[in-house]
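Here is what each chain is made of, one letter per residue.
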Amino acid sequence: MKLNKGCFKIGLLLVIAIILIYPKKAYAVDKKEILFISSNNPSFVTFNDQVNGLKASLGDNIQLQIEYMDFRAFSSVENEENFYNLLKYKLSNYRDFSSVILGDDEALAFAVKYRNELFKNIPMVFLGASDAGLIDEALKLDNVFGVNEIESVHENIQLMKKFHKDVKNIIFLDRYDEKWRTKKFLDDCRKTYKEYTFEAINTREMNQDEIKMLAESFTKEDGVLMFYPVNFKDDKVSTYEEVSKALYENSSIPIYNIIGYGIGSGSIGGKTINHFNQGKEAGEIARDILLGNEIKNKYISGNDVNQYIFDYNRLKDFNIKEKDLPKGSIILNKPITFWEQYRTIIIPTTILLIGLFSIIIALIFFIINRIKYAKELLKAKQLAEEINQSKGHFISNISHELRTPVTVIMSAMQLIRLKINKNECCNNTGIDNNLTIINQNCYRLLRLINNIIDTAKIEGGFMDFRPVNINAVELIESIVESAVPYAETRELNIIFDTTDEEIYMSLDPNKIDRIVLNLLSNAIKFSKRGGTIEVNIENKENKMRLSVKDSGIGIDEGKIDQIFEKFVQVDESFMRVNEGSGIGLSIVKSFVGIHDGDIYVKSEINEGSEFIIEIPIRLLENEEIIDFNLEGEEEAVLGQTKVEFSDIYF
Ligand code: ADP
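Residues numbered from 1 in each chain as written. Predicted model: local features only at pLDDT ≥ 70, side-chain atom pairs only at ≥ 80, totals over all residues. Heavy atoms only, no water.

J.: I keep staring at the pairing of strand E4 (residues 124–129) and nothing clicks. Help me out?
T.: When a strand is regular, its side chains alternate between the sheet's two faces. For E4, the tally of buried residues reaches 6 of 6 residues, placing the bulk of the element in the interior. In this sheet, E4 lies alongside strand E3 (residues 100–103) in parallel orientation, the contact comprising 4 bridges. Paired with Gly103 across the strands is Leu127, a residue of E4. Inspection of the sheet shows E4 paired to strand E5 (residues 144–148) by 5 bridges, in the parallel sense. Paired with Val125 across the strands is Phe145, a residue of E5. Remark: the E4/helix H6 (residues 132–140)/E5 crossover connection has right-handed handedness. (Buried < 20%, exposed > 50% of the residue type's maximum accessible area, 1.4 Å probe, protein only. Helix = DSSP H or I, 4+ residues; strand = E, 2+ residues; numbered from the N terminus. Pairing = 2+ DSSP bridges. Right-handed = clockwise from strand over helix to strand, strands pointing away.)

Right under this line is the structure:
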């Protein structure tokens, strides 16, 4: 048992140890490595851009092991041998690299030379190499890829051509002698651009003062293309910035850049060699090799990765518009616009403000709606109260209207009874008078009941309408005639006049009876004794226009709009002179309406009122004209007149 316990403890410790060690091992295996051999040392002007470009494509998980040949500073055989030995020693102690990246010509030449000894099965990726012969040789080998470095001379000449019409002579500034690539470009350009003269000036032999003097000698017909004019005779290595500045300060000619350094110190810029982009392309190839992806381009031309870069201030000096520059151009020193500077504040603030504004607007709408709704509610309440009030008036009026004739009838009957009791039954006149009173008050009750029934019918929408083709003049004249005796009792004169003797049209005679009698009974009721009532008929613009005009008490201006409403009486007091229920005109209006007509009033207080009715003159198709039977109609009219005029006492 003791032994078993010991074995268990050892086993447990082993498992823990494996767990602790395993992830570390796995990490080391997973960490990918690539070797980068730079021809230079880290202080060289292009080095950082190349490495940053590589890292941009490789990311953080792929480790870049860098070795520096430093051949530009020490181009000796010993240096090469030393580097070879150092690398051989290091490589034999390293794991395999997935690829080796070679920065610039010297590193590429070294790798080609020692391919078999040092990098036998390792894919090679070059960048920054410009020696065409060397590149050809390298590309013939297996698993060699890369991006070369080439000056975009032609593109810059095209820019010069487009933006500087004065330039006739293009000067190449370079520190290398004419045997170098500049010479090749010079020959090329002389052949291609006959409109220009070209010259190459070697700055290697010049000191700073001579550079200044050179700049002063430029005329407005000169344009400069800066290659690599960075070290001078006095052995002082000048920067691109210093050269650009010296040229800019001592001349006013356009200075274009072949390489992307010094822009912003006086040169315009141009299509420039871009070591960052080269690094990015080479890095992408190395990454694809490592991941086992297919390599799309074995060889990339540096001209394709060169970058158009310009200095904003120099563009302004030469009046070059941004929109005229090649697509994708980078502009340095461009002032940050207010928008660019505060975009991160402006956008959220604007969104917030819009949000707040929307909420405020929504609230305003909500409040407006609530107010509207409250107003409508108030209106509806007022209307309901008004209707209630007018119904109240109506009930009190109706009670009054009902009670008056009933009281009269009752007292007339009591009188008759008294007379019969006193045996005065033979006094015909007494009984006859009382019977007339009873008769008239029965008519009054009948009128009231008729009006109430008609109002109910109109409201219920089942009012009958029986139009016939008839002579309107004849019909209305007979109705007016029936009212004359009633008018005379109040010493009123009725004058009837018409423009036409015959106006044939479709009318419901019963309704016209009621309309005209109602208007006439009102005219009589509200006129002062001795006045005149004029009834006129006109055929006007295919309408029959009937006017009933009195010289009576008139209607208050404020009440005119209401008189056609149900139960409205201008004088609502119990002390009023005239009887009435306030329904007549509302029925008149409805009856005019079913004839497609209009009614309106002109009135002035104490001057009189004029009620005007206009009904379109139309005939019912395929219907005969009713021959106006005067006898029968007169009787009907007279019957209706008694009813309608029942509240006018003789
Ligand atoms: P009513 O049965 O009370 O006459 P109407 O509807 O016919 O009812 O008339 C409504 C009110 O209009 C009348 O009470 C009166 O105040 C006013 N009115 C109508 N016609 C005239 C008129 N010709 N002159 C003055 N007031 C009138």
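J.: Before we go on, may I ask you to explain helix H3 (residues 77–93) in this structure?
T.: Along an α-helix, residues three or four apart share an orientation, since each turn contains 3.6 residues. The end-to-end C-alpha separation of H3 is 25 Å, in line with the 24 Å expected for 17 residues at 1.5 Å each. Every buried residue of H3 is accounted for by Asn79, Glu80, Phe83, Tyr84, Leu87 and Leu91. Down the axis of H3, the sector holding all buried residues measures 135 degrees, keeping them to one side. With respect to the buried face of H3, the exposed residues turned more than 90 degrees away are Glu78, Asn82, Tyr89, Ser92 and Asn93. (Expected span 1.5 Å × (residues − 1). Arc of directions from axis to C-beta.)

J.: Explain the environment of Ile101 to me, please; I cannot follow it from the model alone.
T.: Among the structural elements, Ile101 can be located in strand E3. In the structure, Ile101 is positioned 66 residues away from Leu35 in sequence and 6.1 Å away in space, judged by C-alpha atoms. Sequence-distant contacts of Ile101, defined by excluding residues within four places in its chain, comprise Ile34, Leu35, Phe36, Ile37, Leu54, Leu64, Val125, Leu127 and Ala286. (Contact = heavy atoms within 4.5 Å.)

J.: Is there a simple way to think about the nonpolar core in this case?
T.: The tendency in soluble globular proteins is for nonpolar side chains to be buried side by side. With 48 residues, the main nonpolar core has Ile512, Leu520, Met544 and Phe611 as its most contacted residues. Looking at this core, the elements that each hand over two or more residues are helix H16 (472–489), strand E16 (504–507), helix H17 (509–525), strand E17 (532–540), strand E18 (543–550), helix H18 (584–594), strand E19 (598–604) and strand E20 (608–616). Apart from residues no more than four positions distant in its own chain, Phe611 is found in contact with Leu519, Leu546, Ser547, Val548, Ile555, Ile563, Phe564, Leu585, Ile599, Tyr600 and Val601. Of all hydrophobic cores here, the second largest spans 32 residues; its members include Leu225, Tyr261, Phe310 and Leu325. (Core = buried A, V, L, I, M, F, W, Y, C linked by side-chain atoms within 4.5 Å.)

J.: Looking at this structure, how should I read the sheet that holds E18?
T.: In sheet architecture, strand pairing relies on hydrogen bonds along the backbone and comes in two forms, parallel and antiparallel. Strand order across the open sheet formed by 5 strands is E15-E17-E18-E20-E19, with mixed pairing between neighbours. The outermost strands of the open sheet, each flanked by one partner alone, are strand E15 (493–498) and E19. Within this sheet the neighbouring strands show an average axis-to-axis angle of 15 degrees, counted without direction. Where E18 meets E20, 7 bridges bridge the pair, whose relative direction is antiparallel. Counterpart to Val548 in the pairing with E20 is Phe611. Docked against the sheet, H17 engages E17, E18 and E20, running at close to 25 degrees with respect to E18. In the packing of H18 onto the sheet, the strands contacted are E19 and E20, and the crossing angle to E19 comes to about 140 degrees. (Axes fitted to C-alpha atoms, helices over the stretch in contact; angles between N-to-C directions.)

J.: What should I look at first to understand the environment of Ile34 in this one?
T.: Within the secondary structure layout, Ile34 lies in strand E1 (residues 32–38). Overall, the relative accessible area of 0% leaves Ile34 in the buried class. The sequence separation of Ile34 and Ile66 amounts to 32 residues, and the corresponding C-alpha distance is 8.5 Å. In contact with Ile34, other than residues within four places in its own chain, are Leu58, Ile62, Gln63, Leu64, Gln65, Phe97, Ser98, Ser99, Ile101, Ala286 and Leu290.

J.: What am I meant to see in the packing of helix H9 (residues 208–217) against helix H10 (residues 240–250) here?
T.: Two numbers describe a pair of packed helices, the interaxial angle and the distance between the axes. Direction vectors running N to C along H9 and H10 enclose 40 degrees, while the axes themselves pass 8 Å from each other. Classified by the angle between their axes, H9 and H10 sit oblique to one another. H10 is crossed by H9, and the crossing has right-handed handedness. Here H9 contributes Ile211, Lys212, Ala215 and Glu216 to the contact with H10, which in turn contributes Ala246, Leu247 and Asn250. Broken down by class, the residue content of the contact of H9 with H10 amounts to 4 nonpolar, 1 polar and 2 charged. (Parallel < 35°, antiparallel > 145°, perpendicular 65-115°, else oblique. Left-handed = near helix turned anticlockwise from the far one by under 90°. Nonpolar A, V, L, I, M, F, W, Y, C, P; charged D, E, K, R; others polar.)

J.: What exactly am I supposed to notice about the packing of aromatic side chains here?
T.: We describe a pair of aromatic rings using the distance from one ring centre to the other and the angle between the two ring planes. Enumeration according to the criterion identifies 16 aromatic pairs in this entry. Ring geometry for Phe126 against Tyr299: centres 6.4 Å apart, planes inclined by 40 degrees, an arrangement best described as tilted. Taken together, the residues span a long stretch of sequence, with Phe126 in strand E4 and Tyr299 in strand E11 (residues 299–300) at a distance of 173 residues. On the basis of relative accessible area, Phe126 is assigned to the buried category, the value being 0%. Here the aromatic rings of Tyr240 and Tyr261 are separated by 5.7 Å at their centres, their planes lie at 40 degrees, and the arrangement is tilted. (Phe/Tyr/Trp six-rings, centres within 6.5 Å; stacked < 30°, edge-to-face > 60°.)

Everything listed here is a matter of geometry and, on its own, says nothing about what the molecule does.
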